[in-house]
Amino acid sequence: MKRPEGRVYLVLAAWLLSPGFAGSNPTGEQEAEVLTVATWGGAYEESQRRAYFEPFTAATGIAIRTVPYDGGVKDLENHLAAGDVQWDVIDMIQSDASVACDRGLLEPIDPGIIAPAPDGTPPQEDFMEGAIQPCFITQIVFSTVIAYNDRAFPGEKPDSVEDFFDLKAFPGKRALRRSPVGLFEWALLSLSVPREQLYDLLSTHRGLELASRRLDSIRDSILWWRSGEEPAELLASGQATMATGYNGRFFHARVMEGLPISVIWDGQLIGFNSWAIPRGTGQAEQARAFIGFATQTERMAAQANLISYGPTRKSAQKRIGLHTDMGVSMQPHMPTAPAHMDNAIFRDHHWYSKTLELREQWFQNWLDQ
Amino acid sequence: MAYQIGVVTVMAIAVGTAGSLAAIGFVEAVHYLNDRLLISPYARVQADNQPGLVAAATLLVPALGGLLVGLVVQFLIRERRGLAPPDAILAAQTPGPTPGLGSGLASTLAALISLGSGASVGQYGPLVYLGALFGNLAGRLRLNLRHQRSIAIACGVAAAISTAFNAPIAGLVFAHEVILRHYSLRAFAPVTVAAATGYIIANVIFDRPVLFLVDFTRVEHSYEFLLFALEGVLCAGLAWLFVVLLKYSTHAGRRCIALPWARPAVAGLVVGIVALWLPEILGIGQETLRFATIRDAFGIGELALIVTAKLALTALCVGFGFVGGVFSPALLIGILFGALYGMVLPHLVPVPYSGLVVYAICGMMALASSVIGAPLTTILIVFELTRNYDLTIAAMVSVVFANVISYRAIGRSLFDLDLRDRGFDLSLGRDKAILGSRLIRDYLSTIYTTARGSHTVEAVRKRLVDEHRAEAMIVDEKGVLRGIVRLQGILDSPEGTPIDQLAIRAYTLFDEHTSVWQSMELLRGFLGEAVPLVSEDGKLLGVVPEEAVIRAYLEIVHELREEENEAA
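Residues numbered from 1 in each chain as written. Chains lettered and ligands numbered in written order. Predicted model: local features only at pLDDT ≥ 70, side-chain atom pairs only at ≥ 80, totals over all residues.

1. Points about the overall build of chain A
Line of reasoning, step 1. Assigned secondary structure in chain A consists of 17 helices and 10 strands.
Line of reasoning, step 2. Judged by the C-alpha coordinates and their principal axes, chain A covers about 70 × 45 × 35 Å.
Line of reasoning, step 3. A total of 369 residues make up chain A; the buried ones form 50% of that total.
Line of reasoning, step 4. Excluding contacts between residues fewer than 6 apart, the proportion of contacts in chain A whose partners are at least 24 apart in sequence is 76%. (Helix = DSSP H or I, 4+ residues; strand = E, 2+ residues; numbered from the N terminus. Buried ≥ 20, exposed ≤ 12 C-beta atoms within 10 Å, placed from the backbone. Contact = placed C-beta atoms within 7 Å.)

Written out as structure tokens, the structure reads:
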């Protein structure tokens, strides 16, 4: 009986034997081929390197080069507009991927490239609902959480989104991502709006106004960050006492680097990352082969044992154990751990993808005030 | 006995399931339409880059929706009006014919279009009617249960409210307080089962945020209870204003627009025009309701404006024939008014307060309870949704004061006002209403003595003695009653006198429409044996002996007491 992974290797083999591959080496010389992946840097990229890039190179001989990408559709648009498409694979937030797909910025992906689970469960059943899309495959669950420097608050510790906005009880700078993502959810959540109604209220002018006014109350204490590794650095250096950031980065800072950083799970904003292929890349076939490889159960589980982001396929979730290097149990650090779900916000991807311009304009207006 | 309990339980579960699923389907359908038709803010914001489209939808959707509603009501509903809780009350209280299934479904469709297209009407009225519709269907089954129809209707209504508010106890109490108007164990048991069924179904498959979730710890100062009471009084005034506006708008609609089916379209157009400038008034307004409990979401002027606009537009929409309830608009207007009250108070009486939330909730429940005449239900809704004792007690004080005043000013509820206009007056309780709805014709006796006007005194006297009666009815050849004659009045009269000359012309008379209640009123000071009952053209149909009126009264009252005191 054929191993389930066999299909992916078949895809790889077919590609290796394809005329395209042969044609790229007319002299027959084994010129090292390189696939470019746009991704998020830091500990996250490191986990990808160990779980996906290195094993992929070992299996196919194709080297992986990464370029920094910090989210959004604009960067991709600019890159494609420049003409010479260098990015072959891009790791996007699901709502961005959805917008990019609608705008024709992504290559289609045949779901047939995804391997079934080791027990033979077809991918459609193994992946969470809506993960397999015509031009992106959603691979991890991540969360944007609020964290604080434990030494900044020797007495009472903050434990809610409301505390993030309470400069009196918990003084110090607040580090926030310079992007219209999450800010308004937390602003309203801190006003006791139930999470189920956040996006309904944010759809009104009044809701956005209210969020603006709430953010005004901490305006002078905000430090902006852009790339994923900054929040932990800002907390560690003492520049900020509280920061929003990706849960995996805080996990890395706490567990791997021993920094005094604690996470507040109240109001965690759950989102998803997806693999996609920029339209016009010359290496779309190789990119598909990579995505097929990186979405295998074993590979996804390997990443989850390196950084606390949850895999989107059930078979991989069942393989989450101890951290590969540190031996820490990974399950309690996952955003989806039951204890963290009480007041978790599921980012409304539909709303996000349809309100891109509105959010950006609102954010700019607020910054200009 | 076992059969009774088994069948009643199965019926309660079946009706409860149907009522609950229908409520869920209805609410989901309204949300779907609101999203599709760019009524909900969630949908409108996603079309933000096409402002023309949003404006066109705002202007046209309620107007076209109104046109459709007008046509459905005109051509598909036999009663030519939306069916509502008063119809459910009537069906549960009286044994008479009820609106048919077709009318009920068409009315639900009209309500769906009304709410879906953003008219300022409520969803709970149609849900209550929908629950009653299933109850009515179950009431027709040959299950051989006593009071089957009223209990089944109460079950359907309880399940619908229990599901819609996610509040089973409120559903149970609503069915008794508003529909049944009594608390017998026989009805209580199945209605409880139905309410619980609705709650379970709602929890398993209904994924809507509850009406309100608030953050409130406790009432900090005891003097605030005085302020809650005052708030209740003010809300009663607002309820009165609402009723007056509604009446006025109904009359204005009839006077200004001759074609009934065109009226909702006109109201829809007005809603659209106002919504261009004040989108908060569109539809049920869940977002606005939530904002009312958040400090600083509104300015005082803004709140006053929205309260006024929502009040006027709800009266317009309901009065002009959109199909929908008044409970959700009353909740919204009430919570906004409560927030306004809570914001203005600190400027008038500078003492510490417990915050905005409690005043908003008190206003919401005080106004809504006055409008639908359900103080217990509204208090329980607060309790079940917040599980907060302090908040419930504060709301209770407001609700009670609002009801005490509004009961005097407008009557128990808008439903009862509507029923009174239709001849079923519950203002003096069930006894009077039921006695007023039963006809004395049902107690007619056809055994009596008649005479022609030309008959002589002697002949009539002899016949009365022979038949052991003291009264004779004088009729002409067509059977029309001309007068009556009593034995004591003709004892000494000359034998040959035509009886016509001695007939009494002024006497107590019933007709085909005389109710048991009216017959009792008419019998005051009556000295005779029996009262003649005539048809519309004056023909004598029979007589109602005094004993029959007393019997009718005793039977009906006995039946009511029995219904109210029945054990399971």
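Having seen it, we continue.
2. Quick notes on the overall build of chain B
Line of reasoning, step 1. Across its full length, chain B holds 23 helices and six strands.
Line of reasoning, step 2. Along the first, second and third principal axes, the C-alpha atoms of chain B reach 100 × 55 × 50 Å.

3. Concerning the interface of chain A and chain B
Line of reasoning, step 1. Taken together, the contact between chain A and chain B spans 18 residues of the former and 17 residues of the latter.
Line of reasoning, step 2. Broken down by class, the residue content of the side of chain A that touches chain B amounts to seven nonpolar, five polar and six charged. (Nonpolar A, V, L, I, M, F, W, Y, C, P; charged D, E, K, R; others polar.)

4. Remarks on the domain arrangement of chain B
Line of reasoning, step 1. We note that the domain assignment places domain 1 (2–205), domain 2 (224–428) and domain 3 (435–556) within chain B.
Line of reasoning, step 2. Computed from C-alpha atoms alone, the centre-to-centre distance between domain 2 of chain B and domain 3 of chain B is 53 Å. (Domains from an automatic or database assignment.)

5. Overview of unusual backbone geometry
Leaving glycine out, the prevailing phi sign among residues is negative, and the prevailing peptide bond configuration is trans.
All names here are of chain B.
Line of reasoning, step 1. Non-glycine residue arginine 80 carries a positive phi angle of around 60 degrees.
Line of reasoning, step 2. Relative to the elements of secondary structure, arginine 80 occurs in the loop between α3 (51–76) and α4 (85–93).
Line of reasoning, step 3. If you check the backbone angles, arginine 387 has positive phi at about 50 degrees while not being a glycine.
Line of reasoning, step 4. Mapped onto the fold, arginine 387 is located in the loop between α16 (375–386) and α17 (389–409).
Line of reasoning, step 5. Arginine 387 sits in the exposed class, given 9 other C-beta atoms within 10 Å.

6. Quick notes on helix α13 (residues 300–319) of chain B
Line of reasoning, step 1. With 20 residues, α13(B) ought to run about 28 Å at 1.5 Å a step, and its terminal C-alpha atoms sit 28 Å apart, in line with that.
Line of reasoning, step 2. After α13(B) finishes, the residue Gly321(B) shows a positive phi value of roughly 100 degrees. (Expected span 1.5 Å × (residues − 1).)

7. A look at the sheet that holds strand β1 (residues 450–451) of chain B
All names here are of chain B.
Line of reasoning, step 1. Here we have three strands laid out as an open sheet, ordered β1-β2-β3, and mixed in their pairing. On the outer flanks of this sheet lie β1 and β3 (481–486), each paired with one strand and no other.
Line of reasoning, step 2. Direction of pairing for β1 relative to strand β2 (residues 471–475): parallel, over a ladder of two bridges. Looking at β2, one finds that threonine 450 is bridged to methionine 473. (Pairing = 2+ DSSP bridges.)

8. Notes on helix α18 (residues 414–421) of chain B
Residues and elements named next belong to chain B.
Line of reasoning, step 1. All of the buried residues in α18 are Leu414, Phe415, Asp416, Leu417 and Leu419.
Line of reasoning, step 2. Turning to α18, the residues buried within the fold contact α4, α8 (168–180), α10 (224–256) and α15 (356–372).
Line of reasoning, step 3. Positive backbone phi, at 90 degrees, marks glycine 423, one or two positions downstream of α18.

9. Side note on the sheet that holds strand β5 (residues 530–534) of chain B
Residues and elements named next belong to chain B.
Line of reasoning, step 1. Read across the sheet, three strands follow the order β4-β5-β6 without closing on themselves; strand pairing throughout is mixed. The open sheet has two free edges, formed respectively by β4 (510–511) and β6 (540–545), since each of these has just one partner strand.
Line of reasoning, step 2. Bridge analysis of β4 against β5 gives two bridges, and the strand direction is parallel. By the bridge assignment, aspartate 511 is partnered in β5 with valine 534.
Line of reasoning, step 3. Strands in contact with helix α23 (residues 546–565) are β5 and β6; relative to β6, the strand with the most contacts, it is inclined by about 70 degrees. (Axes fitted to C-alpha atoms, helices over the stretch in contact; angles between N-to-C directions.)

10. A few points about the nonpolar core
Line of reasoning, step 1. Counting 295 residues, the largest nonpolar core has Leu188(A), Ala154(B), Val157(B), Ala158(B), Leu336(B), Ile361(B) and Leu367(B) as its most contacted members.
Line of reasoning, step 2. The element contributing the most residues to this core is α15(B), with 14 residues.
Line of reasoning, step 3. The residues contacting Leu188(A), other than those within four sequence positions of it, are Val193(A), Leu198(A), Leu201(A), Leu202(A), Gly207(A), Leu210(A) and Ala211(A). (Core = buried A, V, L, I, M, F, W, Y, C linked by C-beta atoms within 7 Å.)

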